[in-house]
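# Summary of the model geometry
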Amino acid sequence: TTFGLILEDTSEDGAVWTVERLQIALSRDEGRVDRVCAGIATYPSHGLRSDEIVQRAQQALARACSATAAGGLGPVEVASVDPH
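So, a few notes on the structure that sits alongside this text.

What follows covers the layout of surface pockets. As a volume, the largest pocket reaches approximately 1100 Å³. For the lining of the largest pocket, the secondary-structure elements that each account for two or more residues are helix H1 (12-27), strand E1 (38-40) and helix H2 (50-66). A per-element tally of the lining of the largest pocket places H2 first, with 7 residues. A class-by-class count of the residues in the lining of the largest pocket yields 20 nonpolar, 9 polar and 3 charged.

Dropping the structure here:
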C-alpha cells in the first residue's frame, strides 16, 4: 500500500522527523506493520512544480523500498537535489 502526506510549511528535517514518529507509533502495534519506507521531497528544494516534487518523492520512495532493511521499520530517503 502506498500513500502520501502533504505537510504544509515543513522542511526536509521536519518531514523526516514526522516519518520517524509515524514509524515509532506503528511499531507499537506489533504484527500489523512490518515495514514503512518513505520518500521525501520538498518545495522548493526538489522542484518548483507539483509534478516535479511528486516525481522526485516517488524516486526517493523507490530507493527506500529497494534498500535492504537495516533494522527498524524501513529507510527514509530524501530526494536528490536537481543540479540545474
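You can see Ala64 is positioned in helix H2. A relative accessible area of 0% places Ala64 in the buried class. Setting aside its immediate chain neighbours within four residues, Ala64 contacts Arg35, Cys37, Ala38, Pro75 and Glu77.

The rules behind the values
- Here the residue numbering is sequential within each chain, running from 1 through the sequence in written order.
- Where totals are concerned, whole chains, interfaces and linings use all residues; where local detail is concerned, this predicted model gives features only for residues with pLDDT of at least 70, and gives and counts side-chain atom pairs only at 80 or more.
- Remark: hydrogens and water are excluded; side-chain values derive from all non-hydrogen atoms of the structure.
- A cavity, in this analysis, means grid points on a 1 Å lattice covering only the protein atoms where a 1.4 Å probe fits yet has no way out; a pocket is instead an open set bounded by protein on both sides within 12 Å along at least five of seven lines, and a residue lines either one if it has an atom within 4 Å of a point.
- Grid points are joined across faces, edges and corners, and a volume is the space filled by probe spheres set on the points.
- Think of it this way: any DSSP run of H or I at least four residues long counts as a helix, any run of E at least two long counts as a strand, and we number them from the N terminus.
- The nonpolar class holds Ala, Val, Leu, Ile, Met, Phe, Trp, Tyr, Cys and Pro. Asp, Glu, Lys and Arg form the charged class, and all remaining residues, Gly among them, are polar.
- For each residue, the accessible area found with a 1.4 Å probe, counting protein chains only, is set against the maximum for its type, and the residue is called buried under 20%, exposed over 50%, and partly exposed in between.
- Note on contacts: a residue pair qualifies if any of its non-hydrogen atoms lie within 4.5 Å across the two residues.

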